[in-house]
Amino acid sequence: MAKEDIRDLLGKKFIVFDGGFGSQLQARGVPAGTNSAEINIDRAELVKAIHKDYIEAGSTCIVTNTFGADRYHITDTAELTAQIKAACKNACEAAEESGKDVYVFYDMAPTGKLLKPLGDLDFEDAVDTFKEQVLLARDLVDGFIIETMTDLHEVKAAMLAIKENTDKPLFCSVTFQENGNMLTGASPEQAVALIEGLGADLVAVNCSLGPKELEPVIMRMLKCARIPMMVQPNAGLPKFRNGETYYDVAADEFSDYIRKFAIAGISGFGGCCGTTPEHIRLSCEKTGDLEVNFNPAPEVTRVCGTTTLVEFKNRVLRCGERLNPTGKKKMKLALQEGRLYDIVDEGIAQVEAGADVLDVNVGVPGIDETAVMTELITNLQEVIDLPLQIDSSNPETLEKACRIYNGLPLINSVNGKQEVMDAVFPIVKKYGGTVLGLCIDEDGIPPTAERRFEIAQKIVNEASKYGISKKRIVIDSLVLTASAQQKEVIETVKCVGYVTERLGCATCLGLSNVSFGLPNRPLINRTFLVMAMYAGLKLPILNPMDKELMGAIDAFEVLNASDENAEDYIVRHTNDVVAKPGAVQATQAGDKAGGADPEMEGKSALFKAIVKGQKHQAVDAIKGMGDEEPLSIASDHLIPALDKVGRDYDKGIIFLPQLMVSAETSKLVFDEIKDKLVSSDGGSSKGPVIIATVQNDVHDIGKNIVKVVLQSYGFEVIDLGKDVPPEVVCEACEKYKPIGVGLSALMTTTVVSMENTIKEMKDRGITVPVFCGGAVVTDDVVKKIGGDYYAADAMESVRICELLQEKKENT
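Quick summary incoming for the structure in this document. Here the structure is a predicted model, which is why all the values come from computation and not from measurement.

Quick notes on the overall build of the protein chain
A count of helices and strands for the protein chain gives 28 helices and 25 strands. Expressed as lengths along the three principal axes of its C-alpha atoms, the size of the protein chain is roughly 85 × 80 × 50 Å. The 811 residues of the protein chain split such that 58% are buried. A fraction of 75% describes how many contacts in the protein chain between residues 6 or more apart in sequence connect residues 24 or more apart. If you sum the accessible surface of the protein chain, you get close to 32000 Å²; carbon and sulfur atoms cover 50% of it. Charge-centre separation for the protein chain: the mean point of 86 positive side chains lies 3 Å from the mean point of 120 negative side chains.

This is the structure:
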């Protein structure tokens, strides 16, 4: 008899996955550092035995032994195909031979690469990498689980590859650092929003941390998740003893946490690194008397950028309107001439002025709208973490832009015309975004609020046929000009109220239309804005550089009691200078909530460009410095800017994407001045520093990040690559005479390779200090394997190398 579709069990019965697989292989004699995905043929019985042990322990779902089964880890296509099929066969045979109803999920793991613009992996190449696996496994397994993901952009690529090629169940699991964010800066709430939006059946968290450390993340995810959730913690944090990595959270303690999480509302559990069949058995035993306590969180309208999630709740959000060429000759010319960096600069200015979302429109005659839109979005998302509103009447442009967009976009727009809804709603459904619905149909914009409301209802009803809820729709009641259609202005405001109260949708309006053709347009705009906000407007599309217009929102939120204790208002307006009647104050860069950044005040254009990651501005700033000495440029501008970026990163003000783009910008600056800099200080340079991912480990994300950041600080970096044998590291030390060696390991099974490398160096009499880092490395591990320094992240690597450089210069 066929098994019940597992989707019908979610939220009703605990889904029990298996536990650690690589650590089980190592415990049974597989050498440390072996790519476990490459033993499915030669060691099939061993793989099946582990599957069976987990099934016997109580796992109702097992995953294929395919972590690392992709074209970047197994480069021979025939070998990759054979190993994936063998892995699926092993798992299915183990399930069948158990005599139990066990589901087999294909295990889809990260590529080990960063996607552009952070790394060198193209988005579509990532999709194709995952698609290759889906096509091989889809007819052999019951479902797919994406796991141990550190980057939501890669999550999106994997999910699209699955959704586009099979309709089987899709679970998605991400991993977090001790700071509560993913490697690339996304929060638990943002991860849940994106995974839900793209259509996963279950959201999960796994790896990196033990149950104690993961608890805050799990609780945050449960608080906002509307789909069932699973947890798969490690058995604690990794430790090292007698040449082996181990975990010290025993099955009894681990299972106590699983019971706690089950009471809190998880719908499934399993284990990750260091967990054993005993961890699963005891977890099943201790949850045996519990019912699944799945309570979907209230639905909220959400959009997100690379690291910022914006929710439509009780506060008014500000959508910047200035990335739209309509009526803007300079922007139109910049688009026609391909100067997208000028448009990015305008976007940054709006962010600094307090925008929460940015509208992006490139509708100019004579250009390839789709190509320009996708390129501009990539450029914007390299330096701006806010959500973007993708604005186009061309469905092809919307589709392409939504596909490469990193996050959940706001899509502008759909309307009451059936052909438009037929074209746009499938895009909204597929890419998980929120869509603007315009109250216009085949008959134009109705003069009355009631008729516009009917169109809004039609849009919501049609969206529901695609599974798009009203919380993923923001209604635009459409603003008409007071100079030409005065009586219809109040109808717009009425419609905002109707949509808010009767329909329960968020609302938006483009403000500037209302004042067209009238004197003192800012006064009309401000007054109309307040009227609309009182009716329920949540997203005015406006010029955030207009300080009085932005101030009207702040004042309204005080009077409307949504800015509790007027906290934001006081921060933003304590030092206001009251303008003369009729005057318009321009918002200065940095006038967001919290006030201007004092560290940016009075700084040079070069300093600001590095901090913001504006590469072209940085190069232009150098050219404008004339004969200023290179050493002065480095010491007075470049290094202080990088130090600020480092401090902001350490404080959690910025995240990896911002750190990387600032580092890339400063590297451009350094390349511009380094020849003169070397000659001006007698030929000295910083470093060199050798870095490598250790033998048997092919994951080089962390190493590559360290390389970029070290180079941005002016260090010469010798990158030996990945899967580097100890003797190669030693030979490089003898050749380059480095001030330090940086070793990276992602897998618990390759920490021993790190230890072997350090031992080989010492055996050869190489006394160069070694700093170690990676997802499984801790300060305790570094001490145990004989390393000198623990580098928790790229900035710590810089601090270590600066210390080593200082020691070199003082000897």
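Continuing now.
Points about helix α17 (residues 521–535)
In this model α17 runs 21 Å from its N-terminal to its C-terminal C-alpha over 15 residues, within 8% of the 21 Å that 1.5 Å per residue would give. For α17, every residue scored as buried is listed here: Pro522, Asn525, Arg526, Phe528, Leu529, Ala532, Met533 and Ala535. Considering only its buried residues, α17 is in contact with α16 (486–503), β19 (506–510), β20 (539–542) and α18 (547–559). Glycine 536 lies just past α17 and shows a positive phi near 125°.

Let's talk about the sheet that holds strand β23 (residues 740–744)
If you walk across this open sheet you meet the 5 strands as β22-β21-β23-β24-β25, and the pairing is parallel. Looking at which strands have only one partner, the edges of the open sheet turn out to be β22 (715–719) and β25 (789–790). Pairing analysis gives 4 bridges linking strand β21 (residues 686–693) to β22, with the strands arranged parallel. When the bridges of β22 are listed, isoleucine 691 appears paired with aspartate 719.

Topic: the sheet that holds strand β14 (residues 357–360)
Backbone-to-backbone hydrogen bonds join strands into a sheet, with any given pair of strands oriented parallel or antiparallel. Pairing in this closed barrel of 8 strands is parallel, and the strands run β13-β14-β15-β16-β17-β18-β19-β20 around the ring. For strand β16 (residues 410–415) and strand β17 (residues 434–438), the ladder comprises 4 bridges, and the chain directions are parallel. In the strand pairing of β17, leucine 410 is matched with threonine 434.

Overview of the pairing of β14
Of the two faces of β14, the one holding Val357 and Asp359 and the one holding Leu358 and Val360 are both buried throughout. This β-α-β element, β14 to helix α12 (residues 369–383) to strand β15 (residues 388–391), shows right-handed connectivity.

Overview of the pattern of salt bridges
Here the structure, examined in full by the defined rule, presents 52 salt bridges. In this structure, glutamate 599 engages lysine 644 in a salt bridge whose closest nitrogen and oxygen atoms are separated by 3.7 Å. Of this pair, glutamate 599 sits in the loop between α19 (567–573) and α20 (605–612) while lysine 644 is found in helix α22 (residues 630–650), placing the two residues 45 residues apart along the sequence. Accessibility expressed as a relative area gives 24% for glutamate 599, which makes it partly exposed. Residues participating in the shared-partner salt-bridge network are Glu45, Lys48, Lys52, Lys89, Glu93 and Glu97.

What to know about the packing of aromatic side chains
All chains considered together, the criterion is met by 8 aromatic pairs. Here the aromatic rings of phenylalanine 14 and phenylalanine 269 are separated by 6.2 Å at their centres, their planes lie at 55°, and the arrangement is tilted. Taken together, the residues phenylalanine 14 in the segment before β1 (15–16) and phenylalanine 269 in strand β10 (residues 268–269) connect sequence positions 255 residues apart. Feature note: the residues Phe17, Phe105 and Phe171 constitute an aromatic cluster, connected by ring pairs. A cation over a ring is seen here: lysine 3 above tyrosine 103, with NZ or CZ 5.6 Å from the ring centre. The ring centre of phenylalanine 453 lies 5.1 Å from the NZ or CZ of arginine 502, which sits over that ring.

Rules used throughout
Residues numbered from 1 in each chain as written. Predicted model: local features only at pLDDT ≥ 70, side-chain atom pairs only at ≥ 80, totals over all residues. Heavy atoms only, no water. Helix = DSSP H or I, 4+ residues; strand = E, 2+ residues; numbered from the N terminus. Buried < 20%, exposed > 50% of the residue type's maximum accessible area, 1.4 Å probe, protein only. Contact = heavy atoms within 4.5 Å. Areas by Shrake-Rupley, 256 points an atom, 1.4 Å probe, with all protein chains shown as cover. Lys, Arg positive; Asp, Glu negative; His and termini not counted. Charge placed at Lys NZ, Arg CZ, Asp CG, Glu CD. Expected span 1.5 Å × (residues − 1). Pairing = 2+ DSSP bridges. Right-handed = clockwise from strand over helix to strand, strands pointing away. Salt bridge = Lys/Arg side-chain N within 4 Å of Asp/Glu carboxyl O. Phe/Tyr/Trp six-rings, centres within 6.5 Å; stacked < 30°, edge-to-face > 60°. Lys NZ or Arg CZ within 6 Å of the ring centre and 35° of its normal.

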